[in-house]
Amino acid sequence: MEWILIIIGFGAFACYRMRRANEKAAEYAATGMARSPLYWSTVALTMTLLGLSLYMAHLGHEGPIPWLYWPIVVVLAVIILLLRRALKWRYPV
């Protein structure tokens, strides 16, 4: 019986997040931010960071994570934060 409530709660949360994402996408399209190369480079680097983090999690189950991955993660995180700041400055939505 509890799992039904959990599924309903998760469904309501997902519906709320999808509605908010549609509103945000409409705002980005109206300001021209969705066509900005700055925006797409931020998205690409964020997906790269996500993929690298998931790969590191996978490697963690098989053995130690090579030290070279940690500086890459730090550099990507700093670059993404700087690009987000530039986007906020360029498109104050």
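Just so we're clear, the structure is a prediction, and the values are computed from it rather than from any experiment.

K.L.:
How do you make sense of the overall build of the chain when you look at a structure like this?
P.N.:
Along the backbone of the chain there are three helices and zero strands. Seen in sequence order, the chain has helices and strands lined up from the N terminus as α-α-α. A compact globule built from 93 residues would reach a C-alpha radius of gyration of about 12 Å, whereas the chain, at 18 Å, exceeds it by more than 25%. Once the C-alpha set of the chain is aligned to its principal axes, its extents read approximately 50 × 40 × 15 Å. Counting all 93 residues of the chain, 17% fall into the buried class. In the structure as shown, the chain presents an accessible area of about 7500 Å², 72% of it carried by carbon and sulfur atoms.

K.L.:
Is there a simple way to think about the confidence of the model for the chain in this case?
P.N.:
Low pLDDT marks stretches whose predicted atomic positions should not be read closely. Residues of the chain with pLDDT of at least 70 account for 99%, and the chain-wide mean is 90. Per-element confidence in the chain ranges from a low mean pLDDT of 90 for helix α1 (residues 2–31) to a high of 94 for helix α3 (residues 69–90).

K.L.:
Would you mind showing me how to read the side chain of T42 here?
P.N.:
Of note, T42 is situated in helix α2 (residues 37–62). Apart from the residues within four sequence positions on either side, T42 is in contact with I80, L83, R84 and L87.

K.L.:
How should I be thinking about the layout of surface pockets in this particular structure?
P.N.:
Think of a ball as big as a water molecule: rolled over the atoms, this probe shows where empty space is left. For the largest pocket, the calculated volume is near 350 Å³. Lining the largest pocket are 16 residues, with Y28, M33, Y39, R84 and L87 positioned closest to its centre. Broken down by element, the lining of the largest pocket gets its largest block of residues, five residues, from α2. Considering only residue class, the lining of the largest pocket consists of nine nonpolar, two polar and five charged.

K.L.:
Teacher, can you tell me more about α3 here?
P.N.:
Residue pairs three or four apart in sequence face the same way in an α-helix, which turns once every 3.6 residues. Its 22 residues place the ends of α3 31 Å apart at the C-alpha level, agreeing with the 32 Å of an ideal helix rising 1.5 Å per residue. Looking at the buried positions of α3, the neighbouring elements they touch are α2.

K.L.:
Quick question: what am I supposed to make of α2 here?
P.N.:
The end-to-end C-alpha distance of α2, which contains 26 residues, comes to 38 Å, matching closely the 38 Å that a straight helix rising 1.5 Å per residue would cover. Within the span of α2, buried status applies to Y39, T42, L49, L52, M56 and L59. Elements that come into contact with the buried residues of α2 comprise α1 and α3.

Calculation rules
- Residues numbered from 1 in each chain as written.
- Predicted model: local features only at pLDDT ≥ 70, side-chain atom pairs only at ≥ 80, totals over all residues.
- Heavy atoms only, no water.
- Helix = DSSP H or I, 4+ residues; strand = E, 2+ residues; numbered from the N terminus.
- Rg over C-alpha atoms; globule rule 2.2 N^0.38 Å.
- Buried < 20%, exposed > 50% of the residue type's maximum accessible area, 1.4 Å probe, protein only.
- Areas by Shrake-Rupley, 256 points an atom, 1.4 Å probe, with all protein chains shown as cover.
- pLDDT = per-residue confidence, 0-100.
- Contact = heavy atoms within 4.5 Å.
- 1 Å grid on protein atoms, 1.4 Å probe; cavity = no way out; pocket = protein on both sides within 12 Å on 5 of 7 lines; lining within 4 Å.
- Points joined across faces, edges and corners; volume = space filled by probe spheres on them.
- Nonpolar A, V, L, I, M, F, W, Y, C, P; charged D, E, K, R; others polar.
- Expected span 1.5 Å × (residues − 1).

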